[in-house]
Amino acid sequence: MKIAVLGTGVVGNAIGTKLIQLNHQVMMGSRTANNEKASAWVKQNGGNASQGTFADATKFGEIIFNCTNGAGTPAALNQAGAENLKGKILIDISNALDFSKGMPPTLFVCNTDSLGEQIQRAFPEAKVVKTLNTINCNIMVNPSLVPGDHDVFVSGNDADAKAKVTDILKNWFGWKTVIDLGDITSARTVEMWVILWVRLMGVVGHPNFNLHITKA
Ligand SMILES: NC(=O)c1ccc[n+]([C@@H]2O[C@H](COP(=O)([O-])OP(=O)(O)OC[C@H]3O[C@@H](n4cnc5c(N)ncnc54)[C@H](OP(=O)(O)O)[C@@H]3O)[C@@H](O)[C@H]2O)c1
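Below is a summary of the structure that appears in this document. Note that the coordinates shown come from a computational prediction; the quantities given were computed from them, not determined experimentally. (Residues numbered from 1 in each chain as written. Predicted model: local features only at pLDDT ≥ 70, side-chain atom pairs only at ≥ 80, totals over all residues. Heavy atoms only, no water.)

### Side note on the site of the ligand
Working step 1: Surveying the vicinity of the ligand reveals 24 residues, the closest of which are Thr8, Val11, Ser30, Arg31 and Thr68.
Working step 2: The separation between an oxygen atom of the ligand and a polar main-chain atom of Gly70 is 3.3 Å.
Working step 3: In the environment of the ligand, an oxygen atom lies 3.1 Å from a nitrogen or oxygen atom belonging to the backbone of Asn95.
Working step 4: Put simply, the parts of the chain that give the shell around the ligand at least two residues each are α1 (10–21), α4 (73–80) and α7 (137–140).
Working step 5: Taken together, the residues of the shell around the ligand sort by class into 10 nonpolar, 13 polar and one charged. (Near = heavy atom within 4 Å. Polar contact = N/O pair within 3.5 Å; in protein donor to acceptor, adjacent residues only side chain to side chain. Helix = DSSP H or I, 4+ residues; strand = E, 2+ residues; numbered from the N terminus. Nonpolar A, V, L, I, M, F, W, Y, C, P; charged D, E, K, R; others polar.)

Structural data, given as structure tokens:
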């Protein structure tokens, strides 16, 4: 498939590289067409990898991964363009973390709203599915880095889009358990978990851990 990865940070890198390994054509999007990190990623990933602006990548992609900084996400998606997002699955991995007052971070949206919901409201014709924001980027595409059973979540309004994303998580990225939390309002729950995740990382001492729900 032709896939857009919006974001030149560690998440965009991990997702983009995994998609290239799966033989997809991937365009990494950035605010600028010649972003240096994106150029380095293209160099490392061969002929199926390309780079462009957020708009170029979104136009190119049949599916879009949002791996942009949470505070910059609205601007990045405005640059991507409503017309280019129309009718497409938008997999949202962003978190609403605010580091402006140092550590630990707070959230700039929470409780009664979320970034996932804000994106869905801003782009009603995109099919937003929130997922993967609850884990470190290396685990997103390689869940076996954490031993045993552990879980990932999906939130979104469009059942077919969630089914497709669940298929991607299982058959492309190797997840065994994908928990459907419901409509896009459930994005607030996984976005708020990240505050606990940050504290846990301090306790565990590294980012290679995850949640597992056990049931009676
Ligand atoms: N790190 C993890 O393991 C992890 C895990 C779960 C979720 N997340 C979430 O995943 C997202 C990506 O994280 P990351 O660490 O890979 O990268 P990041 O440094 O948070 O974000 C980098 C991307 O955001 C874009 N960006 C930053 N400010 C912007 C603005 N004002 N307007 C438009 N675009 C802007 C940058 O554009 P340019 O390319 O133009 O510089 C770049 O492509 C974040 O929302 C993060 O909270 C991260």
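There's plenty left to go through after this.
### A look at the pairing of strand β5 (residues 89–92)
Working step 1: Here β5 shows no split at all, with Ile89 and Ile91 on one side and Leu90 and Asp92 on the other all buried.
Working step 2: Here strand β4 (residues 63–66) pairs with β5 via four bridges, running parallel. Within β5, the residue paired with Asn66 across the bridge is Asp92.
Working step 3: Bridge count for β5 against strand β8 (residues 127–131) is four bridges, and the pairing is parallel. Note on β8: the bridge partner recorded for Ile91 is Val129. (Buried < 20%, exposed > 50% of the residue type's maximum accessible area, 1.4 Å probe, protein only. Pairing = 2+ DSSP bridges.)

### Section: the sheet that holds strand β9 (residues 151–156)
Working step 1: Ordered by their spatial adjacency, eight strands build an open sheet running β3-β2-β1-β4-β5-β8-β9-β10, and the pairing between neighbours is mixed. If you trace the sheet from one side to the other, it starts and ends with β3 (49–53) and β10 (177–182), each paired once. Mean inter-strand twist for the sheet, computed between neighbouring axes without regard to direction, equals 25°.
Working step 2: Summarising the sheet, β8 and β9 pair through three bridges and their orientation is antiparallel. Paired with Thr131 across the two strands is Val154, which belongs to β9. (Axes fitted to C-alpha atoms, helices over the stretch in contact; angles between N-to-C directions.)

### Here's the deal with the environment of Thr134
Working step 1: You can see Thr134 is positioned in the loop between β8 and α7.
Working step 2: By relative accessible area, which is 3% here, Thr134 ends up buried.
Working step 3: For Thr134 and Ser39, which are 95 residues apart along the polypeptide, the C-alpha to C-alpha distance reads 28 Å.
Working step 4: The residues contacting Thr134, other than those within four sequence positions of it, are Phe153, Val190, Trp193, Trp197 and Asn210. (Contact = heavy atoms within 4.5 Å.)

### Concerning the pattern of salt bridges
Working step 1: By the definition in use, this model includes five salt bridges.
Working step 2: For Asp92, the salt bridge goes to Lys130, with nearest N and O atoms at 2.7 Å. Taken together, the residues span a long stretch of sequence, with Asp92 in strand β5 and Lys130 in strand β8 at a distance of 38 residues. Here Asp92 and Lys130 have matching classes, each one buried.
Working step 3: Connected through salt bridges with shared partners, the residues Asp92, Lys130 and Glu191 form a single ionic network. (Salt bridge = Lys/Arg side-chain N within 4 Å of Asp/Glu carboxyl O.)

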